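# Notes for the structure review
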Amino acid sequence: MKKAKVAVIKTSPQTVLEDYKRLMHLAEYQKYLPKTTEIALKINISWHYFYPACSTTPWQLEGVIKTLLEDGYPKENLYACHNRTVVVSAKKGERNNKHLPVVEKYRIRNIHLYENEEWIRYEPQGKIRVLDSIYPKGIEIPKRLIGSSIIHLPTMKTHVFTTMTGAMKNAFGGLLHEKRHWTHSVIHETLVDLLTIQKEIHPGIFAVMDGTIAGDGPGPRCMVPYIKNYILASADQVAIDAVAAKMMGFEPMELKFIRLAHEDGLGCGDLSEIEIVGEDISNVNFHFHKGQNTFASRGQKLIYWGPLKPLEKILLRSFLAPWSYAASIIFHDWIWHPFIGVKRTRKILDTEWGKLFKKY
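The paragraphs below set out a description of the structure included in this document.

This next bit is on the overall build of the protein. Counting secondary structure elements, the protein contains 14 helices and 12 strands. Its C-alpha atoms give the protein a radius of gyration of 19 Å, within 12% of the compact-globule value 21 Å for 360 residues. Projected onto its principal axes, the C-alpha positions of the protein cover 50 × 50 × 45 Å. Each of the 360 residues in the protein was classed as buried or not, and the buried ones make up 59%. Within the protein, contacts between residues at least 6 apart in sequence are counted, and of these 77% link residues at least 24 apart.

As structure tokens, this is what we get:
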């Protein structure tokens, strides 16, 4: 059986666009993305502020678009796509994270999946673990994504619920509507279900991950950013997450969503069965931390897995739910960001990567 392939290379602010091209070629992306179908560039916006390691970087987005166009993919087939959450504004995020200037530079379509887009009920053909019970009235997905290939654009970072977040988690923000937080108590199984659906609806799936600046701590927002200068790519969503997890210091098969996806045959999570091309990462270990929390995530975990579990539906799925949105905004946007996040952002903006960001 042919091994899964993950490309990993080191990069710099001076060479990053060409390095993304080399990376994608190492991962043989053209084998997996037909030129005859539309391709959704699934941008990750985990916060509407620019916070290093939190969201897709502008050089990541530009490197991918530039490579596709230079390799003959029709411009009219490419589109950037965004989701919406109840606490993060994609419209603000695409400006603050400098995605919009890149999209406008290359004149590709920019689509927000919650604006003037049809969402339809979808009945998966494969094994579904939890989504049918979470949404008993039917699983709804954007009609536009059916028949489109997709390139996921995650960053290397930790996560309060899944230890790390990468290619598999990036689908969480595209395929599910804004009530996707209903699935948080079964988040690992949800990510596996979403990969099952993706394999049914997309002609091609690919992921390009930015680790130029990686985030450690209670992600996807309240992290400590570190410059790491790595970028990764693969057609195997499970394998790229497994390799990223290994680089961050975690054992991939101990992460439930990776193990379940591997067991279901949706990809490869076993490092011994993954061919890593480019850099030798055998001794790479960022020593990132597992299980760190914020004040907000501690409260969420009490509801999802703790003593408040019996109250989950009334607290998060009823008319009372807006209290949780308000609590998140107050903590993240009004307290953590101005008093902690801004200082960390300024520190990164003084680096060579920060100078590159400002140029966008």
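So that's the structure; there's more coming.
A word on the state of the cysteines. For the structure shown, the criterion picks out 0 disulfides. No disulfide involves Cys54; its sulfur sits 8.7 Å from that of Cys222, the nearest cysteine. Classification of Cys54 by relative accessible area gives buried; the value is 0%.

For Ile197, the location among the structural elements is in helix α8 (residues 187-201). For the pair formed by Ile197 and Ile146, sequence separation is 51 residues and the distance between their alpha carbons is 9.9 Å. Once residues within four sequence positions are removed from consideration, Ile197 is found in contact with Tyr122, Pro124, Ile128, Leu131, Ile139, Ile141 and Leu175.

Turning next to the environment of Asn283. Position of Asn283 among the secondary structure elements: in the loop between β12 (274-278) and α11 (295-304). Along the chain, Asn283 and Met247 lie 36 residues apart, while their C-alpha atoms are 8.6 Å from each other.

Moving on, we come to unusual backbone geometry. That bond from Gly219 to Pro220 is cis: its omega, 15 degrees, falls within 30 degrees of zero. Looking at the secondary structure, you find Pro220 in the loop between β10 (205-216) and β11 (224-234). Residues other than glycine seldom take positive phi values, yet Ala53 does so here, at roughly 80 degrees. Of note in the backbone geometry, Asn116 takes a positive phi value of approximately 55 degrees without being a glycine. Relative to the assigned elements, Asn116 resides in the loop between β4 (109-112) and β5 (119-122).

Here Tyr20 is to be found in helix α1 (residues 16-26). Residues Tyr20 and Leu349 lie 329 residues apart in sequence; the distance between their C-alpha atoms is 22 Å.

A few words on the nonpolar core. Met156, Ile197, Leu232, Met247 and Phe286 are the most contacted members of the largest nonpolar core, which totals 64 residues. The element contributing the most residues to this core is helix α9 (residues 237-248), with 9 residues. For Met247, the residues in contact, after removing those within four places along its chain, are Val8, Met156, Tyr230, Leu232, Ile281, Val284, Asn285 and Phe286. Listed in part, the 50 residues of the second largest apolar core include Leu68, Val88, Ile213 and Cys222.

Counted under the stated rule, the structure contains 11 aromatic pairs. Seen from their ring centres, Tyr230 and Phe286 are 6.2 Å apart, and the 35 degrees between their planes marks the pair as tilted. In this pair, Tyr230 is assigned in strand β11 and Phe286 in the loop between β12 and α11, connecting sequence segments 56 residues apart. Judged by relative accessible area, Tyr230 falls into the buried class, the value being 9%. Between Phe286 and Phe288 the ring centres are 5.3 Å apart and the planes differ by 55 degrees, which places this aromatic pair in the tilted class. Under the relative-accessibility criterion, Phe286 is labelled buried at 11%.

Analysis parameters
Residues numbered from 1 in each chain as written. Predicted model: local features only at pLDDT ≥ 70, side-chain atom pairs only at ≥ 80, totals over all residues. Heavy atoms only, no water. Helix = DSSP H or I, 4+ residues; strand = E, 2+ residues; numbered from the N terminus. Rg over C-alpha atoms; globule rule 2.2 N^0.38 Å. Buried < 20%, exposed > 50% of the residue type's maximum accessible area, 1.4 Å probe, protein only. Contact = heavy atoms within 4.5 Å. Disulfide = S-S within 2.5 Å. Core = buried A, V, L, I, M, F, W, Y, C linked by side-chain atoms within 4.5 Å. Phe/Tyr/Trp six-rings, centres within 6.5 Å; stacked < 30°, edge-to-face > 60°.

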